[in-house]
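# Structural features, examined
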Amino acid sequence: MTQTTPRRKLPLKERYALLTRDLDWDPSYVTKDQLFPYTSYEGIKVHDWDGWEDPFRLTVDAYYKYQAEKDKRLYAVLDGFAQSQGHLGLADASYLNAIKLFIQGVTPLEYAAHRHFAYLARYLEGPAPRFAALCQSVDELRHCQTQIHTISNYNKYYGGFHSWSKMHDRVWYLSVPKSLFDDAMTAGPFEFLISISFSFEYLLTNLLFVPFMSGASFNGDMPTMSFGFSAQSDESRHMTLGLEAIKFLLEQDEGNVPIIQDWIDKWFWRAYRMSALVAGMMDYMLPKPVMSWKEAFELYFEDQMLGGLFPDLEFYGIRPPRHVQDAIAEKDKLSHEVYKVLHNFSFAASFTTQAPNEQHMKWLAEQYPETFDQHYRPVWEKHHRIEAEGGRMFFQGLPQLCQVCQIPMVFTEKDDPAKTSFRSSEFRGEQFHTCSDGCQWIFEREPEKFVQAWLPVHQIYQGNCGGPSVPEVLEWYGIQEGDNGEYKGSLDHKSWIGWHNGDVEQGV
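Our subject in this report is the structure included herewith. (Residues numbered from 1 in each chain as written. Predicted model: local features only at pLDDT ≥ 70, side-chain atom pairs only at ≥ 80, totals over all residues. Heavy atoms only, no water.)

A tally of regular secondary structure across the protein chain gives 22 helices and six strands. The C-alpha radius of gyration of the protein chain comes to 24 Å, within 12% of the 23 Å expected for a compact globule of 508 residues. Its C-alpha atoms give the protein chain principal-axis dimensions of roughly 95 × 65 × 45 Å. Looking at the protein chain as a whole, 57% of its 508 residues are labelled buried. (Helix = DSSP H or I, 4+ residues; strand = E, 2+ residues; numbered from the N terminus. Rg over C-alpha atoms; globule rule 2.2 N^0.38 Å. Buried < 20%, exposed > 50% of the residue type's maximum accessible area, 1.4 Å probe, protein only.)

Moving on: the packing of helix α15 (residues 358–367) against helix α16 (residues 372–388). Packed helices, taken two at a time, are described by the angle their axes make and the gap between the axes. One way to put it is that α15 packs onto α16 with a least axis distance of 10 Å and a crossing angle of 170°. With respect to their mutual orientation, α15 and α16 come out roughly antiparallel. As α15 packs across α16, the resulting crossing turns out to be right-handed. On the side of α15, the interface is formed by Glu358, Met361, Lys362, Leu364 and Ala365, while α16 contributes Phe372, Asp373, Arg377, Trp380 and His384. (Axes fitted to C-alpha atoms, helices over the stretch in contact; angles between N-to-C directions. Parallel < 35°, antiparallel > 145°, perpendicular 65-115°, else oblique. Left-handed = near helix turned anticlockwise from the far one by under 90°. Contact = heavy atoms within 4.5 Å.)

Of the two faces of strand β4 (residues 423–427), the one lined by Arg423, Ser425 and Phe427 is fully buried and the one lined by Ser424 and Glu426 carries no buried residue. With five bridges joining them, β4 and strand β5 (residues 430–434) adopt antiparallel strand pairing. Paired with Phe427 across the bridge in β5 is Glu430. Counted between consecutive antiparallel strands, the loop separating β4 from β5 contains two residues, among which Arg428 sits at a positive phi close to 55°. (Pairing = 2+ DSSP bridges.)

On the secondary structure map, Thr224 appears in helix α10 (residues 222–252). Judged by relative accessible area, Thr224 falls into the buried class, the value being 1%.

The next subject is the packing of aromatic side chains. The full count for this structure, using the stated rule, is 35 aromatic pairs. Considering the side-chain rings of Trp52 and Phe248, the 5.4 Å spacing of their centres and the 65° angle between planes classify their relative orientation as edge-to-face. Taken as a pair, Trp52 in the loop between α2 (32–35) and α3 (60–83) and Phe248 in helix α10 lie far apart in primary sequence, 196 residues in all. Each of the two residues, Trp52 as well as Phe248, counts as buried. (Phe/Tyr/Trp six-rings, centres within 6.5 Å; stacked < 30°, edge-to-face > 60°.)

On the surface, a cluster of nonpolar side chains totalling about 260 Å² of accessible area is made up of Val60, Tyr64 and Leu134. Position of Leu134 among the secondary structure elements: in helix α6 (residues 127–155). For Leu134, a relative accessible area of 39% translates into the label partly exposed. (Patch = residues over 30% accessible without salt bridge, like charges linked within 9 Å, V, L, I, M, F, W, Y side chains within 5 Å. Areas by Shrake-Rupley, 256 points an atom, 1.4 Å probe, with all protein chains shown as cover. Salt bridge = Lys/Arg side-chain N within 4 Å of Asp/Glu carboxyl O.)

Right, let's get into the pattern of salt bridges. Applying the stated criterion across every chain yields a total of 28 salt bridges. Note that Asp265 and Arg322 form a salt bridge whose closest N and O atoms lie 3.5 Å from each other. Here Asp265, found in helix α11 (residues 256–284), pairs with Arg322, found in the loop between α12 (293–313) and α13 (324–329); they are 57 residues apart in sequence, far enough to count as distant. In this structure, Arg392 engages Glu486 in a salt bridge whose closest nitrogen and oxygen atoms are separated by 2.5 Å. Of the two residues, Arg392 is situated in the loop between α16 and β2 (412–413) and Glu486 in strand β6 (residues 485–486); the sequence distance between them amounts to 94 residues. For Glu486, a relative accessible area of 17% translates into the label buried.

In this section: the packing of helix α5 (residues 107–123) against helix α8 (residues 175–185). Look at α5 against α8: their axes get within 10 Å of each other, and the N-to-C directions meet at 5°. Relative to α8, α5 is oriented roughly parallel. Counting all contacts with α5, which are made through Leu109, Ala112, Ala113 and His116, the residues of α8 involved are Pro177, Phe181 and Met185. Across the contact of α5 with α8, the residue classes break down as six nonpolar, one polar and no charged. (Nonpolar A, V, L, I, M, F, W, Y, C, P; charged D, E, K, R; others polar.)

Now for the state of the cysteines. Within the structure shown, the criterion is met by zero disulfides. Counting only cysteine sulfurs, Cys405 is the nearest neighbor of Cys402, a cysteine outside any disulfide, at a range of 3.7 Å. Cys435 forms no disulfide, and the closest cysteine sulfur to it belongs to Cys405, at a distance of 3.7 Å. (Disulfide = S-S within 2.5 Å.)

Below is the structure:
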């Protein structure tokens, strides 16, 4: 009879290392430079990949069990909402215009992030960051899928939810988020980590997945609130990954510091400019607003990031982002300027808009006491006078776009809300226009990249968007009759009124 040595239960840290890092191997038939060709050309130096600290220490087995439990809870909410005709309990059908903008603009970014983190999971040299990127890749795919499943219920009853993937590649206002991710995905692996895991996750994710999802709950949209908070626990892990990535790179070599500072400067402003769409959604597209853009910006960016995160990074030689004071100076006017564009051009958008009513304007005046009554209330009162006479304000023409953020040139000077901010740069004998000091700095830092921008207005003028007329462009976009324009009198509005009045035929 043979004796066997009893198995020793491994400590958690050692067991985790065996299941993740110790699965790595040294290549034998190719060199490491051939196996990992993308981790050197950005100038970043990494001397010890084992210096990466995994903040969560999740194995694949534990990770999938954890996510499966969250999915069970989420899909129970979705089923209950669908079976009880929960869409009739929304504050108003106009609320869904914000969700249309969400699935058109945000959901495709989740899928793009999934693809590129899968790329990092193959091409980052260290096994620990490769594994972290793999988990985030799966996270992003799950977010894309749960958002589609959640919002698909509304597609049964309301227009504008169809063809969102096609629209993301073609429609003018969706070039704003698409161009940001195209920029990030054509950068190197380390810049992508800083752009998405640090700048994008810390700035935009908190502003989108906390106050906006609270607004969804406040307006009766339990499914959106549920997938938002289900994703937020993942986003917390992603933000921790971003913080670990930046600290790891800063600790590896002093020469990394100026490179990373440049990336922070660039990607803060790019993520901030894209968040302008979120600002318009929060302040104007919720029938029952719960938190203003200004409040959210002060809490999640000024207090938490500037007041908490950057003092910690100062130890490594990192300062707050360039142009951060310009962003702070815009917090009283950003949402108003952006929503005015969406409202004036909604005839070419896959959602409907309306001027804020008197109760909504009263709330906006309370939230923005220094700017709203003076600069923006007169604009909306003019819209109301036109509508009272049977008209509707639409901008006839195509706007000039910023070469970098691709938002129409509507932003104003930080010290003068009545003066349009307009910057011009020359490159290879041509003039290129940007909306701010931040976008101009980004353009002049790498003009070879941004002169290639696919600008929707330019493409329309060149005849690349279906034809020269608005109906032809809308058909090329995939926008159908009833998806766009003024909310009052739209198909969504008529159906909403019909359902609540018991007019079944009208609501079908």
